[in-house]
Amino acid sequence: MRDDNVRRVCIVGGGSAGWMTAAALARQLPAGVEIALVESEEIGTVGVGEATIPPIKLFNQLLGLNEAEFVKATQGSFKLGIEFVGWGRAGHRYFHPFGTYGADFDSVPMHHWWLKQRLAGDQTPLDDFSMAWVAAKANRFAPPAQDRRLVQSTFDYAYHFDAGLYAQALRRLAEGLGVTRHEGRITGVARDGESGNITHITLADGRQVEAEFWIDCSGFRGLLIAETLATPFIDWTHWLPCDRALAVPCGHANGTDGEGFTPYTRSTAHGAGWQWRIPLQHRIGNGHVFSSAFMGEDEAAALLLANLDGPALADPRLLRFTTGRRAQAWSHNVVAIGLAAGFMEPLESTSLHLVQSGIMRLLALWPTRGMDALVRDEFNKVTATEWERIRDFLILHYHLNSRDEPMWRQCAAMPIPDSLQHKMEHFRRFARLVSDGPELFLNASWLAVHIGQCNLPDRYDPLVDSRAAQVDAPRLLSGLARVMREAAAEMPSHAAFIARYCAA
């Protein structure tokens, strides 16, 4: 190893964020780098991040996890997208799919042809052209086809799983790869008098752990990034008003053979927030995310408990949070990963993804002991951009609504970031999806929410009319919908696929 390479790394905090970080670093860093993780069994973890998005598959592959064994170990299930109930308006529902809509049959994107038909009176929902939804609404699942000529290749998938069991599995993997775990509560943090870098921490029993580079996975507390380094926090509550969540598991009403064992997450809007529903093999994860300015905790708990599939398996657990991010995720010789870096509600299942992307960004910009500011600044710039683009996507859900409760009226009327206003205006006027750079959520995702929450464009692409004589759009669209229905009918049920492939 070169003399300026980092040789000792310490991760502060366990849970999903800590052990995802530990496992990834142990897989990717060269031999000779000592990796330690400090956590205390006295301190609990948030542990409600049970729904994911498709990039988690790449992360698991990086770690060498076998998919079937991973799903078994975490009591997992499969996810084709998210169904949104009551978001645009009460009683209305739509699906945000993983994958694309239909298959483009012309140089003009398919949704413009769909919009032309709609304006002519055809009321076929856009959802009917999503392979993910056609399968999901029938409770069917199979992995996508590899042949790109088949409509079965046009969707993607992710997982639901028990985040606590995932952390346990990654701990076993990381310790097997040489990560040293220290049990203990941190009572002191020491810094270098000149550089301000952290040099060591002290545990309650007097032990000291030294490192050259620190990764803060201590959750909302931000033990290193916030309490020690006083890194400012950028508050986004004025755009994303929810600041509480109540989480409770419940049983399956009819077991995993019933209709409730869905291959998708459900998000149901309530008067001052929304409720998640995440089906696992051994239970259903539920939670009510709400704004304390518009609803009390007792009322929120009662609403949650009244909308469960089966009996509650525990008392609701309350989480308090502030939506936003650290002004710098990397300060001095500390990088914050997970909740220590910031929080965005799990509306689009981005919590574990932000852990994953932070880890991969850190590996791409791994420092030397000198902690070059150029590297640190690039990490912070890219991190801020990613968080802000996801933020805008979440704001879109709240802003595009015509519900009649006080919180929702406030969200519909609130000023929004210029970056989001620009995108919304382009879509409303021209049905075009624009962006100024790479985004986590691609065109199909933005299209799902725009259309699903009734931001219907004024017109379709002008090229459609000039090409209408050459493109038989009605026949092609109806053919796509028919082929998708036939393909879904050939898939096994979600329950049957799991029983055969990865039953816990």
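Residues numbered from 1 in each chain as written. Predicted model: local features only at pLDDT ≥ 70, side-chain atom pairs only at ≥ 80, totals over all residues. Heavy atoms only, no water.

Here we take up the overall build of the protein chain. Counting secondary structure elements, the protein chain contains 16 helices and 21 strands. Counting only C-alpha atoms and orienting by the principal axes, one finds that the protein chain spans roughly 75 × 50 × 45 Å. Going through the 504 residues of the protein chain one by one, you find that 56% of them count as buried. Put simply, 77% of the contacts in the protein chain that link residues at least 6 apart link residues at least 24 apart. As displayed, the protein chain has an accessible area near 20600 Å², and 50% of this comes from carbon and sulfur atoms. Of the side-chain charges in the protein chain, 48 are positive and 56 negative, and the distance between the mean point of each set is 3 Å. (Helix = DSSP H or I, 4+ residues; strand = E, 2+ residues; numbered from the N terminus. Buried < 20%, exposed > 50% of the residue type's maximum accessible area, 1.4 Å probe, protein only. Contact = heavy atoms within 4.5 Å. Areas by Shrake-Rupley, 256 points an atom, 1.4 Å probe, with all protein chains shown as cover. Lys, Arg positive; Asp, Glu negative; His and termini not counted. Charge placed at Lys NZ, Arg CZ, Asp CG, Glu CD.)

Here we have six strands laid out as an open sheet, ordered E7-E2-E1-E11-E20-E19, and mixed in their pairing. The outermost strands of the open sheet, each flanked by one partner alone, are strand E7 (180-183) and strand E19 (330-331). Direction of pairing for strand E1 (residues 8-12) relative to strand E2 (residues 34-39): parallel, over a ladder of five bridges. Note on E2: the bridge partner recorded for Val9 is Ile35. Set on the sheet, helix H1 (residues 15-28) makes contact with E1, E2, E7 and strand E11 (213-216); between it and E2 the angle comes to about 170°. (Pairing = 2+ DSSP bridges. Axes fitted to C-alpha atoms, helices over the stretch in contact; angles between N-to-C directions.)

Cys10, Val12, Trp87, Ile201, Trp214, Leu396 and Tyr398 are the most contacted members of the largest nonpolar core, which totals 72 residues. If one sorts the elements of this core by residue count, helix H10 (residues 373-399) sits on top with seven residues. Filtering out sequence-adjacent residues up to four positions away, Val12 remains in contact with Val38, Ile186, Ile201, Trp214, Ile215, Asp216, Cys217, Ser218, Leu223 and Leu224. In this structure, Leu25, Trp133, Leu170 and Cys217 belong to the second largest nonpolar core, which totals 67 residues. (Core = buried A, V, L, I, M, F, W, Y, C linked by side-chain atoms within 4.5 Å.)

Here we take up helix H6 (residues 163-176). In a regular helix each residue adds 1.5 Å, so 14 residues correspond to 20 Å; H6 covers 20 Å between its end C-alpha atoms and thus fits that length. All buried positions along H6 are accounted for by Ala163, Tyr166, Ala167, Ala169, Leu170, Leu173 and Ala174. Buried residues of H6, viewed axially, fall in a sector of 165°; they line one side. The exposed residues of H6 that point more than 90 degrees off its buried face are Arg172 and Gly176. On its buried face, H6 is in contact with H1, helix H2 (56-63) and helix H3 (67-73). Its side-chain oxygen at 2.9 Å from the backbone nitrogen of Gly164, Asp162 defines the N-terminal cap of H6. Immediately downstream of H6, the backbone of Gly178 shows phi near 105°, a positive value. (Expected span 1.5 Å × (residues − 1). Arc of directions from axis to C-beta. Polar contact = N/O pair within 3.5 Å; in protein donor to acceptor, adjacent residues only side chain to side chain.)

In this section: the pattern of salt bridges. Summed over all chains, the structure comprises 36 salt bridges. In this structure, Arg221 and Glu227 form a salt bridge, with 2.9 Å as the shortest nitrogen-oxygen distance. For Arg221, a relative accessible area of 42% gives the class partly exposed. By relative accessible area, which is 47% here, Glu227 ends up partly exposed. Among the ionic pairs, Arg475 bridges to Asp472, the shortest N-O distance being 3.3 Å. In this structure Arg475 comes out as exposed when scored by relative accessible area, which is 53%. Among the charged side chains, a salt-bridge network with shared partners connects Glu39, Glu41, Arg181 and Glu183. (Salt bridge = Lys/Arg side-chain N within 4 Å of Asp/Glu carboxyl O.)

Sheet strands associate in pairs through backbone hydrogen bonding, adopting either a parallel or an antiparallel arrangement. Strand order in the open sheet formed by seven strands is E5-E4-E14-E15-E16-E13-E17, with mixed pairing between adjacent strands. Each end of this open sheet is capped by a strand with a single partner; those strands are strand E5 (93-97) and strand E17 (317-320). Strand-to-strand twist of the sheet, defined as the mean angle between neighbouring strand axes without regard to direction, takes the value 20°.

Turning next to the side chain of Asn380. Turning to its location among the elements, Asn380 is positioned in helix H10. Engagement of the side chain of Asn380 in a polar contact is seen with the backbone nitrogen of Ala329, the distance being 3.1 Å. Apart from the residues lying within four places of it in its own chain, the contact partners of Asn380 are Gln328, Ala329 and Trp330.

Turning to the packing of aromatic side chains, a few remarks are in order. All told, the structure shown has 30 aromatic pairs when counted by the stated rule. For the pair Phe321 and Phe343, a centre-to-centre distance of 4.5 Å together with 45° between the ring planes defines the contact as tilted. With Phe321 in the loop between E17 and strand E18 (324-326) and Phe343 in strand E21 (residues 342-343), this pair connects stretches of sequence that are 22 residues apart. Measuring from ring centre to ring centre gives 5.1 Å for Phe497 and Tyr501, while their planes differ by 45°; the resulting arrangement is tilted. Of this pair, Phe497 and Tyr501 both sit in helix H16 (residues 494-501), four residues apart, which is roughly one turn of that helix. The class for Phe497 is buried, based on a relative accessible area of 7%. In this structure an aromatic cluster arises from ring pairing among Phe70, Phe78, Phe141, Tyr157, Tyr159, Phe161, Tyr166, Phe497 and Tyr501. Over the aromatic face of Tyr157 sits the side chain of Lys57, whose NZ or CZ is 4.5 Å from the ring centroid. (Phe/Tyr/Trp six-rings, centres within 6.5 Å; stacked < 30°, edge-to-face > 60°. Lys NZ or Arg CZ within 6 Å of the ring centre and 35° of its normal.)

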